[in-house]
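Listed here are the chains, written in short residue letters.
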Amino acid sequence: MKVTLTRITENPILAIEEAASNCYNSEPTGDGKIMKHCISSGHTSVTEFCTFTFHIEGVSRSLLAQLTRHRHAGYAVRSQRYCNEAGFGYVIPPSIKKDEEVLATYDEMMESIQSWYSYLQQHGIPNEDARMVLPNACETTLEVTMNLRAFMNFCHERLCTCAQWEIRELALAMKRAIVEKYPELEPYLVPKCEKYGKEFGF
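(A) Region of interest: the overall build of the protein chain. The secondary structure content of the protein chain amounts to 9 helices and 4 strands. Listing the helices and strands of the protein chain from first to last along the sequence gives β-α-α-β-α-β-α-α-α-β-α-α-α. Relative to a compact globule of 202 residues, whose C-alpha radius of gyration would be 17 Å, the protein chain shows 21 Å and is clearly more extended. If you line up the protein chain on its principal axes, its C-alpha atoms span 65 × 40 × 25 Å. Counted over contacts in the protein chain with a minimum sequence separation of 6, partners at least 24 positions apart contribute 72%. Total accessible area computed for the protein chain in this model is approximately 11500 Å², and 50% of it derives from carbon and sulfur atoms.

(B) Looking closely at the sheet that holds strand E2 (residues 51-60). Taken in spatial order, the 4 strands of this open sheet run E1-E2-E4-E3, and their pairing is antiparallel. The two strands at the open ends of the sheet, each matched to only one other strand, are strand E1 (2-8) and strand E3 (73-77). Across the sheet, the mean angle separating the axes of adjacent strands is 20 degrees when strand polarity is ignored. Two elements, E1 and E2, share 6 bridges in a ladder whose sense is antiparallel. Following the sheet pairing, isoleucine 8 is matched in E2 by phenylalanine 52. Set on the sheet, helix H8 (residues 165-181) makes contact with E1 and E2; between it and E2 the angle comes to about 145 degrees.

(C) View of the pattern of salt bridges. One pass over the full model with this rule turns up 4 salt bridges. In this structure, arginine 81 engages glutamate 128 in a salt bridge whose closest nitrogen and oxygen atoms are separated by 2.6 Å. Remark: glutamate 128 occurs in helix H6 (residues 127-130) and arginine 81 occurs in the loop between E3 and helix H4 (94-97); sequence separation between them is 47 residues. Given a relative accessible area of 38%, arginine 81 falls into the partly exposed group.

(D) The arrangement of the packing of helix H7 (residues 148-158) against H8 in detail. In the contact formed by H7 and H8, the axes pass within 9 Å of each other and the chain directions differ by 140 degrees. Classified by the interaxial angle, the pair formed by H7 and H8 is oblique. Between H7 and H8 lies a crossing whose hand is left-handed. Each of Phe151, Phe154 and Arg158 in H7 lies in contact with H8, whose residues at this interface are Ile167, Arg168, Leu170, Ala171, Met174, Lys175 and Ile178. A breakdown of the residues in the contact of H7 with H8 according to their chemical character gives 7 nonpolar, no polar and 3 charged.

(E) Inspection of the environment of proline 191 at higher detail. Positionally, proline 191 belongs in the loop between H8 and helix H9 (192-200). Overall, the relative accessible area of 14% leaves proline 191 in the buried class. In this view, proline 191 contacts Cys155, His156, Leu159 and Cys160; residues no more than four positions away in its chain are not counted.

(F) Broad picture of a nonpolar patch on the surface. Taken together, the side chains of Trp116, Tyr119, Met132 and Val133 make up a nonpolar region of the molecular surface, amounting to roughly 440 Å² of accessible area. Its location among the elements puts methionine 132 in the loop between H6 and strand E4 (139-147).

(G) Summary view of H7. Judged by how many residues are buried, H7 sits mostly within the fold: 8 of 11 residues are covered. Leu148, Ala150, Phe151, Met152, Phe154, Cys155, His156 and Arg158 are the residues of H7 that are buried. At the N-terminal boundary of H7, the capping side chain belongs to asparagine 147, with an oxygen 3.0 Å from the backbone nitrogen of arginine 149.

(H) Representation of the packing of aromatic side chains within the structure. Enumeration over the complete set of coordinates arrives at 6 aromatic pairs. An aromatic cluster is defined as three or more aromatic residues linked by ring pairs; in this entry it consists of Phe52, Phe54, Phe151 and Phe154.

(I) Focus on the side chain of histidine 43. Note that histidine 43 resides in the loop between helix H2 (33-40) and E2. Polar contacts involving the side chain of histidine 43 include one to the side chain of serine 45, which spans 3.5 Å. In this structure histidine 43 touches Cys23, Tyr24 and Cys38, once residues within four positions along its chain are discounted.

About the criteria used
- Residues numbered from 1 in each chain as written.
- Predicted model: local features only at pLDDT ≥ 70, side-chain atom pairs only at ≥ 80, totals over all residues.
- Heavy atoms only, no water.
- Helix = DSSP H or I, 4+ residues; strand = E, 2+ residues; numbered from the N terminus.
- Rg over C-alpha atoms; globule rule 2.2 N^0.38 Å.
- Contact = heavy atoms within 4.5 Å.
- Areas by Shrake-Rupley, 256 points an atom, 1.4 Å probe, with all protein chains shown as cover.
- Pairing = 2+ DSSP bridges.
- Axes fitted to C-alpha atoms, helices over the stretch in contact; angles between N-to-C directions.
- Salt bridge = Lys/Arg side-chain N within 4 Å of Asp/Glu carboxyl O.
- Buried < 20%, exposed > 50% of the residue type's maximum accessible area, 1.4 Å probe, protein only.
- Parallel < 35°, antiparallel > 145°, perpendicular 65-115°, else oblique.
- Left-handed = near helix turned anticlockwise from the far one by under 90°.
- Nonpolar A, V, L, I, M, F, W, Y, C, P; charged D, E, K, R; others polar.
- Patch = residues over 30% accessible without salt bridge, like charges linked within 9 Å, V, L, I, M, F, W, Y side chains within 5 Å.
- Polar contact = N/O pair within 3.5 Å; in protein donor to acceptor, adjacent residues only side chain to side chain.
- Phe/Tyr/Trp six-rings, centres within 6.5 Å; stacked < 30°, edge-to-face > 60°.

Next up, the structure:
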């Protein structure tokens, strides 16, 4: 898995505070005070004025199915209709990696699927139909754009221990990329147990 933060709203804190200032007839603070107040009070609509775009490689189509359940985001995904997936890469779950015998069988399965995919192509079947045999493990590449409000929700759900390992790794990598540039956003990019646990004393 490779995650690259390719674009971000210029001066994201200022963008949020400028939006919020319209609501309160105030001026941006310059230190994020208004942004912090808005988020803590639940006035999160103003965080939609800050957006992030990521380039993501080496994740499974299974992860893609989970990722696209998140709304208010933009997705551009490598097309299995138009692209030739011969010799595709595939994701191996840790539960399979830890057992050498199971891993060997898993690899054999993937090789067999690759052979059947090529067989269909060789018999004139177009990629859009040959792809029907491709596994959820097949790797893909995509672009994702989320505003801060959507990304906070994504972190609440996918950093949680209830989330599957692969999408948790993705959420963590995306979070790290943002926090590296804007550490002041880190307190809001947390799993829901941390977000709500403190509030209700869990």
